[in-house]
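# Residue-level structural notes
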Amino acid sequence: MTGEATSGPDGEGLDLLVVGAGFAGLYMLHRARGLGLRTEVIEAGDGVGGTWYWNRYPGARCDVESLEYSYGFDADLQQEWEWTERYATQPEILRYLEHVADRFDLRRDIRFGTRVTGAAWDEETRRWTVTLDGHPDGDGEGRAGTPTTRTARFVVMATGCLSSAMTPDIPGADSFAGPTLHTGRWPHEGVDLTGRRVGVIGTGSSAIQAVPIIAEQAAELTVFQRTPNYAVPAHNAPLDPAVVAEVKADYDSFREANRQRSTAFGARIGFNDVSALSVDDDERLAEYERRWEHGGLPFLGAYNDLLLDRKANETAADFVRGKIHEIVDDPDVAARLSPDQVIGCKRLCVDTGYYATFNRPNVSLVDLRDTPIEAVEATGVRTTDGLHELDVLVFATGFDAMTGALDRIDIRGRGGRPLREAWAEGPKTYLGLMVAGFPNLFTITGPGSPSVLTNMVVSIEHHVEWIADVIARLDADGTPTIEPEPDAQEQWVGFVNSVADLTLFPSCNSWYLGANVPGKPRVFMPLPGFPIYTALVDEVVAADYRGFVRA
Ligand code: N01
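Computed from a predicted model, the values in this text were never measured in an experiment.

### Regarding helix H16 (residues 530–542)
With 13 residues, H16 should reach 18 Å at 1.5 Å per residue; the first-to-last C-alpha distance of 18 Å fits that figure. Residues of H16 that are buried: Phe530, Tyr533, Thr534, Val537 and Val540. Projected down its long axis, H16 shows its buried positions confined to an angular sector of 115 degrees, all on one face. The exposed residues of H16 that point more than 90 degrees off its buried face are Ile532 and Ala542. Backbone geometry just downstream of H16 places aspartate 544 in the positive-phi region, at approximately 55 degrees.

### Focus on the state of the cysteines
All chains considered together, the criterion is met by 1 disulfide. The residue that forms a disulfide with cysteine 345 is cysteine 508, at a sulfur-sulfur distance of 2.1 Å. Between cysteine 345 and cysteine 508, the disulfide has an S-S torsion of -110 degrees and is therefore left-handed. Taken together, the residues cysteine 345 in the loop between helix H10 (331–337) and strand E11 (349–351) and cysteine 508 in the loop between helix H15 (486–502) and H16 connect sequence positions 163 residues apart. On the basis of relative accessibility, which here comes to 0%, the residue cysteine 345 falls in the buried class. With no disulfide of its own, cysteine 62 lies closest to cysteine 349 among cysteine sulfurs, the gap being 13 Å. With a relative accessible area of 6%, cysteine 62 lands in the buried category.

### A look at the sheet that holds strand E13 (residues 373–377)
Judged by pairing direction, the sheet is antiparallel, and its 3 strands sit side by side in the order E13-E14-E15 without closing on themselves. The open sheet terminates on both sides in strands that have one partner only, identified here as E13 and strand E15 (386–389). Direction aside, the axes of adjacent strands within the sheet are offset by 25 degrees on average. Two elements, E13 and strand E14 (residues 380–383), share 4 bridges in a ladder whose sense is antiparallel. Residue pairing across strands places alanine 375 opposite arginine 382, the latter belonging to E14.

Rules behind the numbers
- Residues numbered from 1 in each chain as written.
- Predicted model: local features only at pLDDT ≥ 70, side-chain atom pairs only at ≥ 80, totals over all residues.
- Heavy atoms only, no water.
- Helix = DSSP H or I, 4+ residues; strand = E, 2+ residues; numbered from the N terminus.
- Expected span 1.5 Å × (residues − 1).
- Buried < 20%, exposed > 50% of the residue type's maximum accessible area, 1.4 Å probe, protein only.
- Arc of directions from axis to C-beta.
- Disulfide = S-S within 2.5 Å.
- Pairing = 2+ DSSP bridges.
- Axes fitted to C-alpha atoms, helices over the stretch in contact; angles between N-to-C directions.

Structure below.
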């Protein structure tokens with residue numbers, strides 16, 4: 001639980017209410033305090049961390065390097081914190097965020113164990129009324145199920161892009177007799193899988209990290225795969241003190257070099273700004289090999305057209321498929337593990353021993369394209385080729401990405417219009433930051449911004465600083481509200497779609513497109529290209545917030 005709240009319970013309104021205490025919410029609170037704003041953060045979990053609070057599955061770690069996946073806003077913080085591994089584990093990232101919360105004395109303005117269920121704009125007071133409810137297991141406000149409210153001039157949705165866990169509607173799922181788990185909601189006390197027969201449904205980033213670890217513990221592991229995924233090796237290792245010293249000697253330049261990258265990370269290995277088709281086969285193979293040996297997501301920075309040109313993409317996809325066949329002993333299993341979609345279309349995965357896990361005698365792969373799931377039964381999962389008996393069932397089935405967490409909240413803007421209605425055909429924002437008809441409501445890393453295509457921490461810092469600046473400007477001018485002009489928003493949405501259409505991203509069924517959620521409109525939600533995006537945002541500000549109405 002928190003210390004005292006800054007306001008709300010005392011009847012006085014807040015300047016700013018922030019939803020979520022992950023990377024985004026923590027920094028937003030810190031920044032807002034710097035402006036002297038009465039701010040409160042509402043957090044459903046019982047601790048800080050957001051995605052790193054909930055995602056505690058075996059093997060969970062970040063696939064962006066720890067020296068990059070960390071705040072850059074405070075020089076002392078980035079100097080004093082010591083990451084231990086090239087890629088930080090979930091517990092280490094959580095410790096980091098707890099350290100940040102303590103170091104900047106943030107907890108006293110965070111209300112834990114409390115969920116925001118609604119937010120409504122009041123035209124007369126020009127404030128948001130936000131409805132809160134405790135969650136059943138929390139010790140937060142409204143625990144007895146009696147909602148309470150806050151009012152605030154501004155609301156920031158720091159709800160995360162991958163926070164609304166998705167469990168598919170499989171017949172009989174409730175009938176399973178053993179524990180049913182979701183990677184995104186893993187029990188905090190851990191789960192002992194020793195000697196158990198475990199089934200994992202899904203083969204995205206979460207499964208690809210969890211499967212090798214689960215395989216070591218379980219008696220038998222069955223992986224249910226609907227679509228194979230590409231994974232490149234992490235080559236995780238303890239951080240080399242020489243590398244740390246080099247980065248820390250000039251951290252600002254390191255951060256700036258990353259901000260100049262389309263993805264806002266990976267500057268150390270560099271981006272090869274030529275076409276994959278402009279070099280001969282030997283040179284191309286050598287470059288892929290070099291990046292495979294380096295490890296991690298910068299593999300896709302090997303050439304500038306890998307996500308623009310199918311033929312170029314095929315060269316990288318072929319390379320990875322070749323690696324899968326080298327690693328996996330059984331050629332039939334290797335073929336089933338080999339994806340055929342564009343590489344990078346679904347988010348590239350970073351693994352530690354994923355493919356090799358299928359050489360273990362206690363691991364089997366069920367290819368759901370040949371033998372789909374019919375139902376979950378008390379003792380296992382029935383596919384068209386029979387019952388796979390299990391003691392524990394793990395859903396590694398991902399998230400209702402980017403809009404799911406906002407959808408769960410009943411957000412009503414001008415005239416009581418629900419955000420769900422405004423976004424019925426897909427999310428619409430201006431700059432990924434605000435929505436027409438929803439004044440003074442900000443979405444950190446919202447749809448229409450680079451967000452999930454980048455190092456999230458960099459995108460979060462950019463948005464938090466933009467929001468803080470705009471609130472400071474409004475207050476300095478004595479202007480109570482800001483919101484996008486509908487035309488500016490339409491143009492932005494059109495721009496985001498046109499950029500996506502230049503790429504190969506729309507070519508597969510990814511969560512970027514909402515394709516993993518039945519009935520969700522198929523719209524490519526993030527905007528590729530961090531430096532271009534920030535330049536456009538800067539232009540908007542320089543042109544006196546072009547496309548926004550301030551009144
Ligand atoms: O989820 P996913 P995730 N029957 O959506 C399958 C980030 N992340 O939690 O592809 C059978 O990628 C689905 O199959 P298909 C990262 O951005 C980062 O793994 O839809 N299968 C897919 O295989 C990542 O991209 C890190 O055919 C079903 C899987 O479930 C994002 O989070 C670690 C199914 C879902 O994969 C999400 O990753 C973890 C069904 N009915 C996550 N429904 C790191 O930083 C779904 N699937 C390392």
